[in-house]
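A structural walkthrough
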Amino acid sequence: SLGGAPPPLAPFARLPVESEKLCEQYDAIWDDGVAPEMTLDFDCQHISSEEGLAMWLGGLGFFAGMYQLVKLTNPGGKNPAVNRTQRDIVGDNPIELGGWKKLVE
């Protein structure tokens, strides 16, 4: 038989498995089996709500500004590919018409 002791636990697995009912706020705790910690970090208590909101809105404003800058450069006009409206002017797709053999030869 394959009896015997189980293999030793990894050195980082030092917390026992829960044996009782979890508390209601357990979803706010990140527990990976090593060291449980709060999901929401309260490490930046020196930053006020107004300063945090200003930084968040500043980040959104930065990306909105970048979008507007790229939009001003007209990237669609620099596309070398033929779009769908110009395809009718150029002609139909030869592959769909069976002309692919002429393209290969």
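Above this text you will find the structure in question.
In this report, the structure presented in the accompanying data block is examined. (Residues numbered from 1 in each chain as written. Predicted model: local features only at pLDDT ≥ 70, side-chain atom pairs only at ≥ 80, totals over all residues. Heavy atoms only, no water.)

We now examine the overall build of the chain. When its secondary structure is counted, the chain shows three helices and two strands. When the helices and strands of the chain are read in sequence order from the N terminus, they spell out β-β-α-α-α. Counting across all 105 residues of the chain, residues that qualify as buried make up 1%. Surface accessibility of the chain: about 10300 Å² in total, with carbon and sulfur atoms responsible for 62%. (Helix = DSSP H or I, 4+ residues; strand = E, 2+ residues; numbered from the N terminus. Buried < 20%, exposed > 50% of the residue type's maximum accessible area, 1.4 Å probe, protein only. Areas by Shrake-Rupley, 256 points an atom, 1.4 Å probe, with all protein chains shown as cover.)

On to the packing of aromatic side chains, then. Across all of its chains, the model carries one aromatic pair by this definition. The interplanar angle of 75 degrees and the centroid separation of 5.2 Å between the aromatic rings of Phe62 and Phe63 together place this pair among those described as edge-to-face. Among the residues examined, Phe62 registers a relative accessible area of 48% and is labelled partly exposed. When its relative accessible area of 59% is taken as the criterion, Phe63 is described as exposed. (Phe/Tyr/Trp six-rings, centres within 6.5 Å; stacked < 30°, edge-to-face > 60°.)

On to helix 1 (residues 49-72). An α-helical turn contains 3.6 residues, so any two residues separated by three or four positions project in the same direction. End to end, helix 1 covers 34 Å across 24 residues, agreeing with the expected 34 Å (1.5 Å per residue, within 8%). Looking at the residues trailing helix 1, positive phi occurs at Asn74, about 55 degrees. (Expected span 1.5 Å × (residues − 1).)

The subject of this paragraph is unusual backbone geometry. Positive phi outside glycine occurs at Asn74, with the angle close to 55 degrees. Structurally, the position occupied by Asn74 is in the loop between helix 1 and helix 2 (84-90). According to the relative accessible area criterion, Asn74 is partly exposed, its value standing at 47%.

Bringing a nonpolar patch on the surface into the picture now. On the surface, Leu53, Trp56, Leu57 and Leu60 cluster together into a nonpolar patch covering about 430 Å² of accessible area. If you trace the backbone, Leu60 turns up in helix 1. Assessed through its relative accessible area of 46%, Leu60 is described here as partly exposed. (Patch = residues over 30% accessible without salt bridge, like charges linked within 9 Å, V, L, I, M, F, W, Y side chains within 5 Å. Salt bridge = Lys/Arg side-chain N within 4 Å of Asp/Glu carboxyl O.)

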